Amino acid sequence: MIQRCYLEITNVCNLDCLFCPKTDRAKRMLKREEFEHLTDKLQGKIRFLYFHLMGEPLLHPLLAEFVERAKDKGFVPVITTNGTRLSQAEKLIEARPYKLQISLHAHEGNLREKTLTQTPDTDTETETAPSETLGLADYMKQVVCFAKTAAHAGIIIILRLWNQGGYDKENESVLQCLAQYFPQEQWTQRADGWKLCENIYLEYDKMFQWPDIEKNALPEKDFFCYALRNQIGVLVDGTVVPCCLDHNGDIALGNLFEQDLDEILSSPRARAIYEGFSQHKATEALCQSCGYANFNKQYRKLS
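Residues numbered from 1 in each chain as written. Predicted model: local features only at pLDDT ≥ 70, side-chain atom pairs only at ≥ 80, totals over all residues. Heavy atoms only, no water.

Engineer: I keep staring at the sheet that holds strand E10 (residues 188-190) and nothing clicks. Help me out?
Structural biologist: Sheet strands associate in pairs through backbone hydrogen bonding, adopting either a parallel or an antiparallel arrangement. A sheet is described by the order of its strands in space; here eleven strands give the open sequence E10-E11-E12-E9-E5-E4-E3-E1-E13-E14-E15, paired in mixed fashion. Bordering the open sheet on either side are E10 and strand E15 (254-255), each of which pairs with just one other strand. Bridging between strand E4 (residues 76-81) and strand E5 (residues 99-103) involves four bridges; their strand directions are parallel. Note on E5: the bridge partner recorded for Thr 80 is Gln 101. Sitting on the sheet, helix H6 (residues 171-181) touches strand E9 (156-164), strand E11 (193-197) and strand E12 (200-206), and the angle it makes with E9 is about 155 degrees. (Pairing = 2+ DSSP bridges. Helix = DSSP H or I, 4+ residues; strand = E, 2+ residues; numbered from the N terminus. Contact = heavy atoms within 4.5 Å. Axes fitted to C-alpha atoms, helices over the stretch in contact; angles between N-to-C directions.)

Engineer: Could you clarify how one ought to interpret the packing of helix H5 (residues 136-152) against H6 in this entry?
Structural biologist: The description of two helices packed together rests on the angle between their axes and the distance between the axes. Packing of H5 against H6 leaves a shortest axis separation of 10 Å and a crossing angle of 45 degrees. Judged by the inter-axis angle, H5 sits oblique to H6. For the pair H5 and H6, the crossing hand works out as right-handed. In this structure, H5 uses Leu 136, Ala 137, Met 140, Lys 141, Val 144 and Lys 148 to contact H6, whose residues at the interface are Ser 173, Val 174, Cys 177, Leu 178 and Tyr 181. Here the contact of H5 with H6 is built from residues that sort into eight nonpolar, one polar and two charged. (Parallel < 35°, antiparallel > 145°, perpendicular 65-115°, else oblique. Left-handed = near helix turned anticlockwise from the far one by under 90°. Nonpolar A, V, L, I, M, F, W, Y, C, P; charged D, E, K, R; others polar.)

Engineer: I would appreciate a short explanation of the packing of helix H1 (residues 32-42) against helix H2 (residues 63-72) in the present structure.
Structural biologist: Where H1 meets H2, the closest approach of the two axes is 11 Å, and the angle between their N-to-C directions is 25 degrees. Viewed along their axes, H1 and H2 adopt a mutual orientation that is roughly parallel. Seen from above, H1 lies across H2 with right-handed handedness. Of the residues in H2, those touching H1 at Arg 32, Phe 35 and Glu 36 are Glu 65, Phe 66, Arg 69 and Ala 70. Class assignment of the residues belonging to the contact of H1 with H2 gives a composition of three nonpolar, no polar and four charged.

Engineer: What should I look at first to understand the nonpolar core in this one?
Structural biologist: In a soluble, globular protein the nonpolar side chains are often hidden away together inside. Residues Leu 42, Phe 51, Leu 104, Ile 157, Leu 159 and Leu 178 are the most contacted members of the largest nonpolar core, which totals 85 residues. Tallying contributions element by element places H5 first for this core, with nine residues. Residues within four places of Leu 42 in sequence aside, it is in contact with Cys 5, Leu 49, Phe 75, Ile 232, Val 234, Leu 256 and Leu 261. (Core = buried A, V, L, I, M, F, W, Y, C linked by side-chain atoms within 4.5 Å. Buried < 20%, exposed > 50% of the residue type's maximum accessible area, 1.4 Å probe, protein only.)

Engineer: Mind showing me how you'd approach the environment of Gly 233 here?
Structural biologist: Along the chain, the position of Gly 233 falls in strand E13 (residues 231-234). Put simply, Gly 233 and Glu 8 are 225 residues apart on the chain and 7.8 Å apart in space, counted from C-alpha to C-alpha. Those residues in contact with Gly 233, other than ones at most four positions away along the chain, are Tyr 6, Leu 53, Thr 239, Val 240, Val 241, Pro 242 and Cys 243.

Engineer: Is there a simple way to explain the environment of Val 143 in this structure?
Structural biologist: Relative to the elements of secondary structure, Val 143 occurs in helix H5. Exposure remark for Val 143: the relative accessible area of 0% places this residue in the buried category. Linking Val 143 and Leu 178, residues 35 residues apart in sequence, is a C-alpha distance of 9.9 Å.

Engineer: Looking at this model, I keep getting lost on the pairing of E5. Mind explaining?
Structural biologist: A regular strand places its side chains on the two faces of the sheet in alternate fashion. Across the five residues that make up E5, a large majority, five, are buried. Residue alternation in E5 divides its side chains into two sets, Lys 99, Gln 101 and Ser 103 and Leu 100 and Ile 102, and both sets are buried. Handedness of the crossover joining E4 and E5 through helix H3 (residues 90-95): right-handed. Both E5 and E9 contribute to a ladder of five bridges, which runs parallel. Each residue of the ladder has a partner; that of Gln 101, found in E9, is Ile 158. (Right-handed = clockwise from strand over helix to strand, strands pointing away.)

Engineer: Please clarify how the packing of aromatic side chains should be interpreted in this entry.
Structural biologist: To describe a pair of aromatic rings, one takes the distance between the centres and the angle between the planes. Evaluation of the coordinates by the stated rule reveals six aromatic pairs. The interplanar angle of 25 degrees and the centroid separation of 6.0 Å between the aromatic rings of Phe 35 and Phe 51 together place this pair among those described as stacked. Within this pair, whereas Phe 35 is found in helix H1, its partner Phe 51 is found in the loop between strand E3 (46-50) and H2, the two being separated by 16 residues in sequence. In terms of burial, Phe 35 and Phe 51 fall into one category: buried. One aromatic cluster is present, built from ring pairs that chain together Phe 35, Phe 51 and Phe 66. (Phe/Tyr/Trp six-rings, centres within 6.5 Å; stacked < 30°, edge-to-face > 60°.)

Engineer: Even after reading the chapter, I still don't get the pattern of salt bridges, so can you show me in this structure?
Structural biologist: In a structure, side chains of opposite charge can pair up when their charged atoms sit close to one another. Counted by the stated rule, this structure contains 15 salt bridges. For the salt bridge of Lys 73 with Glu 36, the shortest nitrogen-to-oxygen distance reads 2.8 Å. One end of the pair, Lys 73, is in the loop between H2 and E4; the other, Glu 36, is in helix H1, with 37 residues separating them in the sequence. Using a relative accessible area of 9% as the deciding quantity, one classes Lys 73 as buried. Shared partners join several salt bridges into a network, and the residues in it are Glu 36, Asp 40, Arg 69, Asp 72 and Lys 73. (Salt bridge = Lys/Arg side-chain N within 4 Å of Asp/Glu carboxyl O.)

Engineer: I tried to follow H6 on my own but got confused; where do I start?
Structural biologist: Among all positions of H6, only Asn 171, Val 174, Leu 175, Cys 177 and Leu 178 are buried. Buried residues of H6 fall within an arc of 160 degrees about the axis and therefore sit on the same side. Opposite the packed face of H6, turned more than 90 degrees from it, sit the exposed residues Glu 172 and Gln 180. Looking at the buried side of H6, the elements it contacts are H5, E9, E11 and E12. (Arc of directions from axis to C-beta.)

Dropping the structure here:
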């Protein structure tokens, strides 16, 4: 069983973050019947179902329903969000995903916020007048209010500052905001950050460069990755990719709307990727430009 599948229920986002590679793919949202089809194809073969690859999952009006359906089918659902729509996410708490990860670094990295009008049965994005972006204090208040309610309901909350060495000038202010809601003397230090209280964690990590097929290959010759071993990605159009960093679908292995997962993973291209990493080689240009696949550096599991 593959541990993690990153299922992109939408590739639309309401932010324009500097650290995000964006995607050139057509904007769309999964319809209810499409979600059912894809999860039927994944059922029994995936443990953790991450509702994210590109896009902001809280923009999808059926997210809470999707979480409940995923649980019905035996998946462990995990949400990753920029945190801007949490004040409208009461139904998500009722659906009770296993874990919800909030990228606090999106507040500083964002250039602008867009107001988007969408329905679950349309594939298009409509941009209206830009909305006023929340200030940090209001943003953090919204995040903490949601986090406390969700944590009380048993949902694990991860507050991410994945911007070390990058857009991190706000971090001290973020910590000061958190200290207003969670007394620092009660924080418990961990290897990757702090436990603020029961079910709420603050996690640090370095800002990373997304792989880019246009970039030159890394100079290292020794590669390894858990793609196709421990994780896969499924884009909003059903395309299966090896990992959550293939944001443009450069390594399209097949499509779950047309094929079964076993058929896709046994294809010559998929097998070449898998066997290549077994020999510490990267067979794909995208992988050759990816620092996560560098075997000589300590591999950090993406979560």
